[in-house]
Amino acid sequence: MNVDIQSLGTFNQLAHEGAQQATQSLAQMTGIDAVVDVTKITLLDRADVGEGLTGSEFVGVQFGFEGALEGETVLVFDTESADTIADSLMPGASDDPAMAQSSVTEIGNIMMSGFIDGWADYLDSTIDHSPPEYIEKSGKDVLPEAPESDEHQQVFVFKSEIEWVGESVNFYIYMLPEYEPLAEMMMEHGDPEADAIPIDKLQTFNEMTTNGTQQAAGNVEMMTGIPTDAEVTEISFAPIEDVPKQIGTDTYVGTVVEFTGVPSGYLMVLFDEVSAVNVAEAMMPVETDGDSVTDQHKAAIEELGNIMTSGFVDGWANVLQTSVDHTPPRLVHDMGRSIVDPLAAQVGQHQEHAFIINSTMRTDDVEFNAEIHALPNEKELREALEDLDVERADETEADVEQIFE
Amino acid sequence: MPDVLIADDSEFMRNLLREILEEDHTIVGEVENGVEAVEVYKEETPDLVMMDIVMPIRDGIEATDEIKSSNPDANVIMCTSVGQEEKMKEAVKAGADGYITKPFQKPSVIEAIEDVVPT
Amino acid sequence: MKVYDGSQTESAQQSQPERIKVGIAEYRVATDSAVLTTSGLGSCIGVGIYDEASGVAGLVHVMLPTAEDVEGGNRAKFADTGVAALVEALEAEGASRDGMRAKIAGGSDMLDFSENGPSIGSRNADQVRETLTAFDIPLLGEDVGGDHGRSLRLEADTGDFVVKSANTESTTL
């Protein structure tokens, strides 16, 4: 099944406008000044949905919906924001749990109606939703179960991040549609003449990339002795100007390469500063003084980034039976968003939207987080997917012995 | 002791290889790109070149091709993070005698070298 | 009797002006001594334009040199149309073209992988300067190029333009 890029763009726009509608309702009712920061469509393993919420307590207002689209949607606040919202609607409400719950549920009801109505209008159809359900849960448990499907282990998730101006709190809208009705609708609203992405192959590509992330995590473990797990691998789709927002405003240390071939694009391996120091020292025989990032740390990170990059892209090349070359790594130490910004601009010279491949890895032993982000050029990604033989999906590793007989 | 030339753009990796090799080998040079690798090879004609693939200016496969063309008896082991089958085939075509993928452990480096240049 | 101690006076003077965040490929205009901010400028450019007489100021965060290169409806994404859109919005709020002054930052060459020709950052900077010249708006200060990212803020009532990098102290243009 193929979905054209334009209709993915339209769906992303719909979700974005829906989130804006919802945010305006919130602003009108509470006086809270909020803006929609990012809206993206993500394809990921159903078990990984909401992994980014780990470690915090949330309040959610959840609905089921059916009609032209089916599935679940939820508005997620952190607990503190929920109190503020309740109080701004009715002063003192947060002191009375029943009142707080009712206020938040009502806000959620109004916001999410705005969100869903936009979809129904665009589709010239109706989407009914169930009464709102109030929930308080930890981390990703606040999200509804991703829809089950015998055929698809991966799901599409529409996620909007809403930023509360002047506060460091965010809230989120997640929509988890059933695969089949969504796929049908994307087909119906697509342009058969336009450049299309085979969705099923995109899933296979995602699985290959998951293998690549595991390979990269294995490489980290081998070089540092730190047991490292690949966490999440996902492909997101967003307007090019939203690409830099995928990465935080903190300072990162890492490497960037341009890769050429099918696919082509840019690949970043990024560590926050604390992780960079930890991982570099695990690679070096002696510990250095202090906790700032030195040239020695950077040299180690440069080589680690190089090896992680290869671990990540080699699987693509081997499955596609082609070669993907990359430039020597360029070391970066800068604000995360300004690292991505020139890469998004370079890709943005030829396309309005972009696919972004995001992977994270983590370890329990020391504070250590690594992120890999790939920004492929759309045309070459499309070619790669066309060439992709789904049967070869697990042949990510080359056999050195056999080739050097 | 066999003479070895190390070609890798990463200082970190050159240090690591030096530590592994210097016990049983004489390091005749450490270079950062394929052009320097060919130059130093021609000056020193070492018994072995440990050659990275992804390097600035000129990559390790091109450099291997030139070294092997000028001296078919040269010994070159690719030592690279690239694990792509097509790249390995290119390396074989250029005349590489061995292929070590990073990250490596010391024993596998020693073993690969013993296969190509027995001490 | 009410006592006015030092700390109270100071905090009264420091009453926080409104902060307006400008995202990538967006522009915003302020009329009342607000502070406009944008962050994560790599090859992108932040263009601040203000008119002291009317107190109207605006900031646009442009991403690519010219709208001719790419299709796409968002004017704020490009240096040429972004500056034009900002100038129009400032005039709509009562600023006069004659009083407008500009300051710019960004346009870094970092991570430019193009083998030949100038980087996107320097093409962005050239296009911004050219468009400002076409509108006859003097460019009073710039912090562009180099190989690092930047964040900035424009103080609407003074026209102070404060630029910060990840690893350096901030400078005021």
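Calculation notes
- Residues numbered from 1 in each chain as written.
- Chains lettered and ligands numbered in written order.
- Predicted model: local features only at pLDDT ≥ 70, side-chain atom pairs only at ≥ 80, totals over all residues.
- Heavy atoms only, no water.
- Helix = DSSP H or I, 4+ residues; strand = E, 2+ residues; numbered from the N terminus.
- Buried < 20%, exposed > 50% of the residue type's maximum accessible area, 1.4 Å probe, protein only.
- Contact = heavy atoms within 4.5 Å.
- Areas by Shrake-Rupley, 256 points an atom, 1.4 Å probe, with all protein chains shown as cover.
- Phe/Tyr/Trp six-rings, centres within 6.5 Å; stacked < 30°, edge-to-face > 60°.
- Pairing = 2+ DSSP bridges.
- Axes fitted to C-alpha atoms, helices over the stretch in contact; angles between N-to-C directions.
- Buried area = accessible area lost by both parts, 1.4 Å probe.
- Salt bridge = Lys/Arg side-chain N within 4 Å of Asp/Glu carboxyl O.
- pLDDT = per-residue confidence, 0-100.
- Left-handed = near helix turned anticlockwise from the far one by under 90°.
- Nonpolar A, V, L, I, M, F, W, Y, C, P; charged D, E, K, R; others polar.
- Domains from an automatic or database assignment.
- Polar contact = N/O pair within 3.5 Å; in protein donor to acceptor, adjacent residues only side chain to side chain.
- UniProt positions renumbered as here; feature names shortened; annotations may be inferred.
- Arc of directions from axis to C-beta.

Draft legend 1. Quick look at the overall build of chain C. Within chain C one finds 3 helices and 10 strands. Across the 173 residues that make up chain C, the buried fraction comes to 50%. For chain C, the proportion of contacts with a sequence separation of at least 24, taken over those separated by at least 6, is 63%. In the form shown here, chain C has an accessible surface area of approximately 8,100 Å², with 44% of it arising from carbon and sulfur atoms.

Draft legend 2. A look at the packing of aromatic side chains. Taken as a whole and assessed by the stated rule, the structure comprises 11 aromatic pairs over all chains. An angle of 70° between the planes, with centres 5.8 Å apart, marks the rings of Phe-11 of chain A and Trp-119 of chain A as edge-to-face. Here Trp-119 of chain A lies in helix 3 (residues 97-122) and Phe-11 of chain A lies in helix 1 (residues 5-30), a separation of 108 residues in the sequence. With relative accessibility at 1%, the residue Trp-119 of chain A sits in the buried group. Residues Tyr-266 of chain A and Phe-113 of chain C carry aromatic rings whose centres are separated by 5.6 Å and whose planes lie at 45° to one another, so their mutual orientation is tilted.

Draft legend 3. Representation of the sheet that holds strand 1 (residues 3-7) of chain B in the model. Residue and element names in this part refer to chain B. In spatial order, the strands read 2-1-3-4-5; together these 5 strands make up an open sheet with parallel pairing. Each edge of the open sheet carries a strand with a single partner, namely strand 2 (26-31) and strand 5 (98-101). Here the average twist between neighbouring strands, direction ignored, is 20°. Of the pairings in the sheet, the one linking strand 3 (residues 48-51) to strand 4 (residues 76-80) comprises 3 bridges and is parallel in character. Residue pairing across strands places Met-51 opposite Met-78, the latter belonging to strand 4.

Draft legend 4. View of the interface of chain B and chain A. Listed as interface residues are 28 residues of chain B and, on the opposing side, 30 residues of chain A. Here chain B meets chain A over a buried area of about 2,300 Å², counting both sides, of which 63% is carbon and sulfur. For the chain B face of the interface with chain A, the top three residues by lost area are Phe-12, Gln-84 and Pro-103 of chain B, together amounting to 29%. Our count for the chain B to chain A interface comes out at 2 salt bridges.

Draft legend 5. Structural view of the pattern of salt bridges. Residues and elements named next belong to chain C. As enumerated under the stated definition, the model contains 28 salt bridges over all chains in all. A salt bridge links Glu-88 to Arg-75; its shortest N-O distance comes to 3.1 Å. Here Glu-88 is found in helix 2 (residues 79-92), whereas its partner Arg-75 is found in the loop between strand 5 (56-62) and helix 2, with 13 residues between them in sequence. The partly exposed category is assigned to Glu-88, whose relative accessible area is 42%.

Draft legend 6. Just the confidence of the model for chain C, in detail. Residue-level pLDDT values for chain C average 87, and 88% of them are 70 or greater. Of all the helices and strands in chain C, helix 1 (residues 6-13) of chain C carries the lowest mean pLDDT, 37, while strand 6 (residues 100-106) of chain C carries the highest, 97.

Draft legend 7. Main features of the packing of helix 1 of chain A against helix 4 (residues 179-188) of chain A. Residues and elements named next belong to chain A. Interhelical geometry of helix 1 versus helix 4 gives an angle of 115° and a closest axis separation of 9 Å. The two elements helix 1 and helix 4 cross, and the hand of that crossing is right-handed. Of the residues in helix 4, those touching helix 1 at Ser-7, Leu-8 and Phe-11 are Leu-182, Met-185 and Met-186. Across the contact of helix 1 with helix 4, the residue classes break down as 5 nonpolar, 1 polar and no charged.

Draft legend 8. Geometry of the domain arrangement of chain A. All names here are of chain A. Each assigned domain of chain A is listed here: domain 1 (2-188) and domain 2 (196-403). Distance between the C-alpha centres of domain 1 and domain 2: 29 Å. With 21 residues of domain 1 in contact, the opposing surface of domain 2 contributes 25 residues. Of all residues in domain 1, Ile-5, Leu-43 and Gln-154 give up the largest surface area on contact with domain 2, accounting jointly for 26% of the area buried on that side. Taken together, the connections running from domain 1 to domain 2 amount to 1 salt bridge. The salt bridge involving Glu-234 is made with Lys-40; its shortest N-O contact spans 3.9 Å. Between the two partners, domain 1 and domain 2, sit 9 residue pairs in polar contact (both at pLDDT 80 or more).

Draft legend 9. Looking closely at the UniProt feature "domain: CheC-like protein" (unreviewed entry) in chain A. Residue and element names in this part refer to chain A. Annotation from UniProt places "domain: CheC-like protein" (unreviewed entry) at residues 99-133 and 297-332. Each end of residues 99-133 is marked by a C-alpha atom, and these two atoms are 15 Å apart; helix forms 69% of the span and strand 11%. Within the segment residues 297-332, helix and strand shares are 67% and 14% respectively, and the terminal C-alpha atoms sit 12 Å apart.

Draft legend 10. Broad picture of helix 4 (residues 85-94) of chain B. Taken together, the buried positions of helix 4 of chain B are Lys-87, Met-88, Ala-91 and Ala-94 of chain B. Buried residues in helix 4 of chain B, looked at end-on, bunch into an arc of 120°, giving them a common side. Here the buried face of helix 4 of chain B lies against strand 13 (325-326) and helix 10 (400-403) of chain A together with helix 3 (60-70), strand 4 and strand 5 of chain B.

Draft legend 11. Quick look at the interface of chain A and chain C. Listed by partner, the interface residues are 30 residues for chain A and 34 residues for chain C. Buried surface at the junction of chain A and chain C, summed over both partners, amounts to about 2,400 Å²; 57% is from carbon and sulfur atoms. Inspection of the chain A/chain C interface yields 2 salt bridges. Across the salt bridge formed by Lys-77 of chain C and Glu-241 of chain A, the nearest N and O atoms sit 3.7 Å from each other. Counting every contact that joins chain A to chain C gives 9 residue pairs in polar contact (both at pLDDT 80 or more). Of all the secondary-structure elements, those providing two or more residues to the side of chain A that touches chain C are strand 11 (251-260), strand 14 (330-335) and helix 8 (336-348) of chain A. Looking at the side of chain A that touches chain C element by element, the count peaks at 10 residues for helix 8 of chain A.

Draft legend 12. Spatial organisation of unusual backbone geometry. At the junction of Val-262 of chain A and Pro-263 of chain A, the peptide bond is cis and its omega measures out at 0° in the coordinates. Note that Pro-263 of chain A resides in the loop between strand 11 and strand 12 (265-272). Omega for the peptide link from Lys-102 of chain B to Pro-103 of chain B comes to -5°, which places this bond in the cis form. In this structure, Pro-103 of chain B sits in the loop between strand 5 and helix 5 (106-116). The backbone of Ala-25 of chain C shows a phi angle near 60°, a positive value even though the residue is not glycine. Note that Ala-25 of chain C resides in the loop between strand 1 (19-21) and strand 2 (27-30). A positive phi is found at Asp-136 of chain C, a non-glycine position, where the angle reads about 60°. Here Asp-136 of chain C is to be found in the loop between helix 3 (120-134) and strand 7 (139-144).

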